[in-house]
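If you want the building blocks of each chain, they are given just below.
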Amino acid sequence: MDKLIIRGGRELHGEVQISGAKNAALPELCAALLTAEPVILRNVPRLQDVSTMLKLIRNMGVQAERAEDGTVSLNAGALNLPEAPYELVKTMRASVLALGPLLARFGHARVSLPGGCAIGSRPVDQHIKGLTSMGAEIVVEHGYMMAKLPAGRTRLKGARIATDMVTVTGTENFLMAACLAEGETILENAAQEPEIPDLAEMLIKMGARIEGHGTSRIRIQGVDQLHGCEHQVVADRIEAGTFLCAVAATGGDVVLKHGRADHLEAVIEKLRDAGATVTEVAGGVRVQSHGRLKAQSFRTTEYPGFPTDMQAQFMALNAISHGTSKVTETIFENRFMHVNEMVRLGANIQIDGKVSVVEGVPRLSGAMVMATDLRASASLVIAGLVAEGETLIDRIYHLDRGYDQMETKLRALGADIVRTP
């Protein structure tokens, strides 16, 4: 099992290329299931979750070729098994994104209840509720969602779907399914994360009729069929935010090529309040930091608020900043698992329910720590970059699920970081 060894204390300088967004690439790979024509995706990140999704759709009968430059060529014309088995999706919750496209195009699907990381429950009941309102019959048996259309129906029907909570994957599932449904579908309380409009733009290229994407109310007029397209995956705002926090913590001057400041406004505002300089430059974002920054309290919430996927990374910055901060997690109930590992590095953090109180310390000290989930692993990397001495991070397969060659990119910026078996 691979580990990372980091010798901290180095500033970061230079340029780093921000990869395509995992949370856009995964639904867009599933969107290719909606058509029998070729689909080409560019800027697809080299991540474990992407590899798992490609394996999953190949198992369905989809032709999927991956090039070294990040281009993925897909053809679902010969898809003959509309099923997502447990053994292929147990490590990835995004498998549920296959349900809507398969049901919309083929009228039936068998999709395993998803597994994935351990940051809390992400129930699929909203997916079932929404697709049922579109006319699907769905039962859960033996760990699988068994979905089909009623006898005599060949297509889903348009509906008004108002979810009980904002759900990103739910919005994506309904958006894809509605493209081939009869009539109009209106999604109320829709997620607004940048990956949603990116998926919608891809679907529009395929012939879908969509309005309002990027807002809380999306309107879709169903069409008879979709065709192939070429589409470039949007840059990963969470990878960009992670590098912003890393430079803010270590000090230095780095340009994030293809970074989108407009996708990270809540994080950038907090970084500026902390004392970092963040500016938009041609083709990206520049971050500069010198000396200890000021700790910042924040509360995670749905986009465009402070993203839960950046909570752990910003907490690592707070851990070595001046002052005391409160970090409130409102999205997932188990997302403070990195705290105990940060304490091993010398951080002063106390947990009280959904709130972590972080008392900034002048320095951290290297130690052996263990990654517990994707973003927790990124926070430990940041902490290791500023800690005195050597930090060893175990179980970094979590990191590989969401970061494209992170240690290679950090090393190019001047970090002393290596991967070891």
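This write-up is about the structure you can find in this document. Just so it is clear, the model here is predicted, and its values are computed rather than measured. (Residues numbered from 1 in each chain as written. Predicted model: local features only at pLDDT ≥ 70, side-chain atom pairs only at ≥ 80, totals over all residues. Heavy atoms only, no water.)

Turning our attention to the packing of aromatic side chains. Inspection of every chain in the model, using the stated rule, returns three aromatic pairs. Centroid distance Phe-298 to Phe-306: 4.1 Å. Interplanar angle 25 degrees. Geometry classified as stacked. An identical accessibility class is assigned to Phe-298 and Phe-306; each is buried. On the basis of relative accessibility, which here comes to 5%, the residue Phe-306 falls in the buried class. Aromatic rings pair up to connect Phe-298, Phe-306 and Phe-314 into one cluster. Across from the ring centre of Tyr-144, 3.7 Å away, lies the NZ or CZ of Arg-110, which sits over that ring. (Phe/Tyr/Trp six-rings, centres within 6.5 Å; stacked < 30°, edge-to-face > 60°. Buried < 20%, exposed > 50% of the residue type's maximum accessible area, 1.4 Å probe, protein only. Lys NZ or Arg CZ within 6 Å of the ring centre and 35° of its normal.)

One open sheet holds the four strands; their spatial order is 2-15-17-16, and the pairing between them is mixed. Looking at the sheet topology across the chains shown, the edges are occupied by strand 2 (12-17) and strand 16 (277-281). Sheet twist, expressed as the mean angle between neighbouring strand axes with direction ignored, is 15 degrees. (Pairing = 2+ DSSP bridges. Helix = DSSP H or I, 4+ residues; strand = E, 2+ residues; numbered from the N terminus. Axes fitted to C-alpha atoms, helices over the stretch in contact; angles between N-to-C directions.)

Look at helix 6 (residues 168-179) against helix 7 (residues 195-205): their axes get within 10 Å of each other, and the N-to-C directions meet at 15 degrees. Compared by their axis directions, helix 6 and helix 7 come out roughly parallel. Where helix 6 crosses over helix 7, the handedness of that crossing is right-handed. Contacts between helix 6 and helix 7 involve Val-168, Thr-171, Glu-172, Leu-175, Met-176 and Cys-179 from the former and Glu-195, Ile-196, Leu-199, Ala-200 and Leu-203 from the latter. A breakdown of the residues in the contact of helix 6 with helix 7 according to their chemical character gives eight nonpolar, one polar and two charged. (Parallel < 35°, antiparallel > 145°, perpendicular 65-115°, else oblique. Left-handed = near helix turned anticlockwise from the far one by under 90°. Contact = heavy atoms within 4.5 Å. Nonpolar A, V, L, I, M, F, W, Y, C, P; charged D, E, K, R; others polar.)

Counting 78 residues, the largest nonpolar core has Leu-74, Leu-175 and Leu-203 as its most contacted members. Excluding its chain neighbours within four sequence positions, the residues that come into contact with Leu-175 are Leu-187, Ile-196, Leu-199, Ala-200, Leu-203, Ile-210, Ile-218 and Ile-220. Formed by 69 residues, the second largest nonpolar core is a distinct cluster that contains Leu-12, Val-16, Leu-256 and Val-267. (Core = buried A, V, L, I, M, F, W, Y, C linked by side-chain atoms within 4.5 Å.)

Turning our eyes to something else, we now look at the pattern of salt bridges. Enumeration over the complete set of coordinates arrives at 24 salt bridges. For Asp-49, the salt bridge identified is with Arg-401, shortest N-O distance 3.0 Å. Taken together, the residues span a long stretch of sequence, with Asp-49 in helix 2 (residues 48-60) and Arg-401 in the loop between helix 13 (397-400) and helix 14 (406-412) at a distance of 352 residues. The residues Asp-49 and Arg-401 share a single accessibility class, namely buried. A salt bridge links Asp-224 to Arg-155; its shortest N-O distance comes to 3.0 Å. Remark: Arg-155 occurs in the loop between strand 9 (144-148) and strand 10 (160-162) and Asp-224 occurs in the loop between strand 13 (217-221) and strand 14 (229-232); sequence separation between them is 69 residues. Three or more residues joined by partner-sharing salt bridges are found here, namely Asp-2, Asp-400, Glu-407 and Arg-419. (Salt bridge = Lys/Arg side-chain N within 4 Å of Asp/Glu carboxyl O.)

Along its 14 residues, helix 8 (residues 237-250) runs 20 Å from first to last C-alpha, staying within 8% of the 20 Å computed at 1.5 Å per residue. Among the residues of helix 8, the N-terminal cap falls to Asp-236, whose side-chain oxygen and the backbone nitrogen of Ile-238 are separated by 2.9 Å. Two residues or fewer past helix 8, Gly-251 is found with a positive phi of approximately 85 degrees. (Expected span 1.5 Å × (residues − 1). Polar contact = N/O pair within 3.5 Å; in protein donor to acceptor, adjacent residues only side chain to side chain.)

Keep in mind these values describe shape, not function.
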